[in-house]
Amino acid sequence: MSFALSEGQVIAKYDAHFSRDSLVRYAGASGDFNAIHYRDDVAQQVGLPGVLAHGMLTMGTAIQPVVDFFGDPGRIVDYQVRFTRPVPVDTEAGADVHITATVAKDLGEGLWRIDLKVTLGEQTVLGKSQAIVRAA
Amino acid sequence: MNPELAGKVYPPTEPYLVGREKIREFAHAVQATNPVHFDVAAANEAGYDDLVAPPTFTIVVQQRGLDQLLADESAGIELTRVVHGDQRFAFERPIVAGDELTVQFKVAGVRALGGNAMVTTEADIFDAAGEKVAASFATLVVGGDS
């Protein structure tokens, strides 16, 4: 299976909702039990506004629309992000993160760079968020 | 944070056996929907021997390497002061259930930035046959005492 791709093409959009439950679930699934992801008092002690989402939860979720588009996680050959801004997760409202995946560059030999824009409100939370995908 | 940690290589971790339920649990946690993460028949049909882990499941295995650094008293790192700065994975193949994976973890560099330390780490992940499955590159920002 191969894909007709062109630079600038938006291939997927996804709105992810994170609640405090999502963070507890991710902590258990990943083994990352840093208390800043489930205790406001500990987060505040180290100068944070409150509980934050695990950066790896945001990174792991942001690639999912790309996996869905290409239909096979094995097509992802490289994936990187910078954690540029924290994602605070309110006890009631949670956090809504918006993900847009755009074809950025034909790297040749069937490999394409896909850029992810990941925002919370008006702010980008993941910088330099890029996946390299085997599309053919 | 001890600057002399740069270049330190930790011994390979004990093998991590990748379980089906762990893959399903992780896939749910990152809102994955592809059936190859949940349904063995679907994974087989897609050409895999067993359930396929989501790409960032690699961090779960890498964590075993990072735990060595966090437990290292000569490093002096307190977990609640650690913030993930950046992360990159280079995949040789997807991780599948049944894999027995070991991690070779290394501190690539330590540099001061303001009152913080930027710690760059590299983890190579190998299967039971000694073939490389993935490499994980992470920068950790370790906060100073406040």
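All of these numbers come straight from a predicted model, not from anything done at the bench. (Residues numbered from 1 in each chain as written. Chains lettered and ligands numbered in written order. Predicted model: local features only at pLDDT ≥ 70, side-chain atom pairs only at ≥ 80, totals over all residues. Heavy atoms only, no water.)

J.: Before we move on, can you summarise the overall build of chain A with the specific residues and values?
T.: Looking only at helices and strands, one finds 4 helices and 5 strands in chain A. In terms of its C-alpha atoms, chain A occupies a principal-axis envelope of roughly 50 × 30 × 20 Å. Looking at chain A as a whole, 51% of its 136 residues are labelled buried. Contacts in chain A between residues at least 24 apart in sequence constitute 65% of all its contacts with a sequence separation of at least 6. Counting only carbon and sulfur atoms, one obtains 47% of the accessible surface of chain A, whose full area is about 6,100 Å². Within chain A, the 16 negative side-chain charges are centred at a point lying 6 Å from the centre of the 12 positive side-chain charges. (Helix = DSSP H or I, 4+ residues; strand = E, 2+ residues; numbered from the N terminus. Buried < 20%, exposed > 50% of the residue type's maximum accessible area, 1.4 Å probe, protein only. Contact = heavy atoms within 4.5 Å. Areas by Shrake-Rupley, 256 points an atom, 1.4 Å probe, with all protein chains shown as cover. Lys, Arg positive; Asp, Glu negative; His and termini not counted. Charge placed at Lys NZ, Arg CZ, Asp CG, Glu CD.)

J.: Describe the packing of aromatic side chains, listing the residues and the values that go with them.
T.: The final tally for this structure, using the stated rule, is 8 aromatic pairs over all chains. For the pair Phe3(A) and Phe70(A), a centre-to-centre distance of 4.9 Å together with 75° between the ring planes defines the contact as edge-to-face. Of this pair, Phe3(A) sits in the segment before β1 (10-18) while Phe70(A) is found in helix α4 (residues 64-70), placing the two residues 67 residues apart along the sequence. When sorted by exposure, Phe3(A) lands in the same class as Phe70(A), which is buried. Centroid distance Tyr16(B) to Phe57(B): 6.3 Å. Interplanar angle 65°. Geometry classified as edge-to-face. Of this pair, Tyr16(B) sits in strand β1 (residues 16-17) while Phe57(B) sits in the loop between α2 (40-45) and α3 (58-70), and the two are 41 residues apart along the sequence. Grouping residues by exposure puts Tyr16(B) and Phe57(B) together as buried. Of the aromatic side chains, those joined through ring pairs into one cluster are Tyr26(A), Tyr16(B), Phe26(B) and Phe57(B). (Phe/Tyr/Trp six-rings, centres within 6.5 Å; stacked < 30°, edge-to-face > 60°.)

J.: I'd like a description of the environment of Trp112(A), backed by residues and values.
T.: The residue Trp112(A) is located in strand β4 (residues 111-120) in this model. With 35 residues separating them along the chain, Trp112(A) and Val77(A) place their C-alpha atoms 10.0 Å apart.

J.: I'd love a proper account of the environment of Ala90(B), names of residues and values included.
T.: Locating Ala90(B) in the fold gives a position in strand β2 (residues 82-91). By relative accessible area, which is 17% here, Ala90(B) ends up buried. Taking the C-alpha atoms as reference, Ala90(B) lies 6.6 Å from Ser136(B); in sequence the two are 46 residues apart. Every residue in contact with Ala90(B), bar those within four places of it in the chain, is listed here: Val77(A), Asp78(A), Val133(B), Ala134(B), Ala135(B) and Phe137(B).

J.: Please set out the interface of chain A and chain B residue by residue, giving values where relevant.
T.: Contacts between chain A and chain B engage 35 residues on the former and 33 residues on the latter. Seen at the junction of chain A and chain B, the total is 1 salt bridge. Between Arg88(B) and Asp78(A) there is a salt bridge, with the nearest N and O atoms lying 2.6 Å from each other. Summed over the shared surface of chain A and chain B, the result is 13 residue pairs in polar contact (both at pLDDT 80 or more). (Salt bridge = Lys/Arg side-chain N within 4 Å of Asp/Glu carboxyl O. Polar contact = N/O pair within 3.5 Å; in protein donor to acceptor, adjacent residues only side chain to side chain.)

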